[in-house]
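Structure at a glance
As a plain string of letters, each chain reads:
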Amino acid sequence: MPTDITVNGRAYRWMDRPLVVVCVDGCQFEYITAAVTAGAAPYLGRLLGGAGTSVIADCVMPSFTNPNNLSIVTGVPPSVHGICGNYFFDPERGEEVMMNDPRLLRVGTILAAFSQAGAKVAVITAKDKLRKLLGHRMKGICFSSERADQVTLAENGIENVVGRVGMPVPSVYSAELSEFVFVAGVKLMERERPDLMYLSTTDYIQHKAAPGTPVANDFYAMMDRNLARLEELGATIVITADHGMNAKHGADGQPNVIYLQDILDARLGESKARVILPITDPYVVHHGALGSFALVYLPASAHLPEPTAQDGLAQSIAALPGIETVLGRAEAAARFELPPERIGDLVVVSRLDTVIGTSRDRHDLSGLDVPLRSHGGTSEQKVPLLINRRIPEQPGTRRWRNFDAFDLGLNLAARPA
Ligand SMILES: [Zn+2]
C-alpha cells in the first residue's frame with residue numbers, strides 16, 4: 001500500500017480508515033453553535049465538547065463557493081489552482097464565463113492523486129456546477145444530487161443513485177438537495193466503503209435563514225444525524241465550509257446594495273469600465289447575484305496617461321459608504337492569494353452588511369422572498385474546521401485554513417494526541 005502522497009507540495013499520509021471531508025456551504029460557525037445550544041445537533045455538540053477538535057479557519061478570498069471548494073480539494077490557494085470565482089472575465093477569450101470548466105484548473109486534486117494511487121474515492125456535490133472540477137482526473141464515483149437521475153457508470157462511476165438513496169431528485173433550491181448528498185454518502189459508506197469521500201452541500205438554507213432559526217436548526221439536525229452515522233461506520237470526519245454568511249440588509253429588510261457599474265458609468269461614461277461579480281452562477285434566485293466582492297476592469301485610458309488616474313478612481317470607490325477595501329491588481333493578488341491575470345484592475349470588497357451589484361436593472365431581486373443574506377467579503381472568511389478526533393497540540397500561531405482539511409484528516413488525525 002502506498003505511504004505518502006504528495007500533491008501540490010503538501011504530503012498526505014495514506015489513510016488507515018475512511019476519511020470523509022464535508023464542505024458545508026455557507027456554514028458560519030454560529031449555525032453550529034446555535035443548533036447545538038438548541039439541542040438540535042447532539043453529535044456536533046459532542047465534537048465541540050471535547051470528543052473532537054474544533055478551530056476557526058480562514059477560507060480563501062473571494063469567499064465564494066468554487067474558489068473554496070477547489071482550495072479544499074487541492075490544499076492550496078487560488079493563486080496556485082487558478083479558480084478565483086464562480087464566474088470571471090476570461091481575457092484569453094474576451095468574454096465573461098462560468099468558472100466551472102476544468103480547463104481553468106491549473107493543478108491536480110488530492111482526490112485525483114489518491115484515486116490514481118489506488119484509493120477508492122467518492123465525491124458527491126449538491127450542485128452539478130462543481131462536479132467536473134471536483135472530479136477532474138479522478139477515478140471513482142462522482143455525481144451531483146442535482147442530476148442524480150442522470151448518472152451512468154461510464155460518466156459517474158455509479159448507477160441507480162436515486163433508487164439506492166430512496167429520495168426523489170430534489171429541487172435545486174431546497175434543503176433536500178444537501179440532504180441527498182448526506183444520505184447518499186452514508187449509503188456509499190455502508191456498501192462501497194470509500195477510502196476517501198468528499199461531500200459538498202449547497203448554501204440555500206444559509207442564504208435564507210439566520211443561525212438559530214427553526215429552519216437552520218432543522219438543517220443542522222439533518223446533517224448531525226448523518227454525521228453521527230458516518231462516525232458509527234468508523235470514518236474520520238472533517239467538517240469545514242467554503243465561506244460564512246451574513247445579513248446584507250437594513251432594518252427595513254431591503255438589501256444594502258452599491259450598484260458599482262452605475263456609479264462608474266456616471267463617472268467614466270457608459271460601459272467604459274466593466275464590473276464583474278464572481279458570485280454569479282446559474283443559481284441566483286436566492287441571492288440575486290449580490291455578494292460582497294467585485295472586480296473592476298478599467299478602460300486603457302484609466303491607466304494612461306497618468307498612473308494616478310487609477311488611484312483616484314480607487315480612492316473614490318473606497319470612499320463610498322459600505323465599501324471596506326479597494327486594491328489594485330498586484331496588491332489584491334498578493335493579499336488575497338489570487339492569480340493576478342484572472343482578476344480585474346481593481347478588487348473591491350464591501351463591508352459585512354453591504355453587497356455590490358453591477359447595474360440596478362441587471363439584478364432580478366424578485367426571488368428574494370426573505371431579506372438578503374450573502375457572502376464574498378473578508379467578513380465571511382471565518383469558517384469552522386472540525387474533526388471527530390483529538391489531534392496533537394498545534395502552535396497557537398498557526399493560521400488555520402479551510403484547505404488544511406485533508407492535512408487535518410490524513411496527517412494530524414493519525415498522530416497520537
Ligand atoms: Zn458557497
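All of the points below concern the structure found in this document. (Residues numbered from 1 in each chain as written. Predicted model: local features only at pLDDT ≥ 70, side-chain atom pairs only at ≥ 80, totals over all residues. Heavy atoms only, no water.)

What the protein chain contains, in helices and strands, is 16 helices and 19 strands. For the protein chain, the C-alpha radius of gyration of 21 Å lies close to 22 Å, the compact-globule estimate for 417 residues. Referenced to the eigenvectors of the C-alpha coordinate spread, the extents of the protein chain come out at roughly 65 × 45 × 45 Å. Within the protein chain, contacts between residues at least 6 apart in sequence are counted, and of these 71% link residues at least 24 apart. Accessible surface computed for the protein chain: about 15800 Å², of which carbon and sulfur atoms make up 50%. In the protein chain, the 40 positive side-chain charges and the 46 negative ones have mean positions that sit 5 Å from each other. (Helix = DSSP H or I, 4+ residues; strand = E, 2+ residues; numbered from the N terminus. Rg over C-alpha atoms; globule rule 2.2 N^0.38 Å. Contact = heavy atoms within 4.5 Å. Areas by Shrake-Rupley, 256 points an atom, 1.4 Å probe, with all protein chains shown as cover. Lys, Arg positive; Asp, Glu negative; His and termini not counted. Charge placed at Lys NZ, Arg CZ, Asp CG, Glu CD.)

Here we come to the pairing of strand β10 (residues 236-240). Taken across its five residues, β10 has five buried, putting it largely inside the fold. With five bridges joining them, strand β3 (residues 19-23) and β10 adopt parallel strand pairing. Within β10, the position partnered with V21 by the bridge is V238. In this sheet, strand β19 (residues 382-387) lies alongside β10 in antiparallel orientation, the contact comprising three bridges. Bridge pairing links T240 to L385 in β19. (Buried < 20%, exposed > 50% of the residue type's maximum accessible area, 1.4 Å probe, protein only. Pairing = 2+ DSSP bridges.)

Glancing now at the packing of helix α2 (residues 42-51) against helix α11 (residues 214-232). The description of two helices packed together rests on the angle between their axes and the distance between the axes. Running from amino to carboxyl end, α2 crosses α11 at an angle of 65°, the nearest separation of the two axes being 7 Å. Contacts between α2 and α11 pair P42, Y43 and L44 from the former with D224, L227, A228 and E231 from the latter. Looking at the contact of α2 with α11 residue by residue, the class counts come to five nonpolar, no polar and two charged. (Axes fitted to C-alpha atoms, helices over the stretch in contact; angles between N-to-C directions. Nonpolar A, V, L, I, M, F, W, Y, C, P; charged D, E, K, R; others polar.)

We now examine the sheet that holds β10. The strand order β4-β19-β10-β3-β9-β7-β8 describes an open sheet built from seven strands, whose pairing is mixed. Edge positions in the sheet fall to β4 (53-58) and β8 (141-144), since each has one partner strand and no second. Looking at each pair of strands side by side, their axes are set apart by 10° on average, direction ignored. As paired strands, strand β7 (residues 121-125) and β8 are joined by four bridges and run parallel to one another. Counted as the bridge partner of I124 is F143 from β8. Strand contacts of helix α1 (residues 29-37): β4 and β19, with the helix running at about 55° to β19, the strand carrying the most contacts. Contacts from α11 reach β3, β9 (196-200) and β10, with the element oriented near 150° to β10.

Time to look at the sheet that holds strand β13 (residues 274-276). Ordered by their spatial adjacency, four strands build an open sheet running β13-β14-β16-β15, and the pairing between neighbours is antiparallel. Of all strands in the sheet, those with a lone pairing partner are β13 and β15 (323-328), marking the two edges. On average, each strand axis in the sheet is tilted by 20° relative to the strand beside it, whichever way the strands run. In the sheet, β15 pairs with strand β16 (residues 346-350) via five bridges, with the strands oriented antiparallel. Residue pairing across strands places L327 opposite V347, the latter belonging to β16. Relative to β13, helix α12 (residues 260-268) is tilted by about 170°, and along the sheet it contacts β13, β14 (293-297) and β16.

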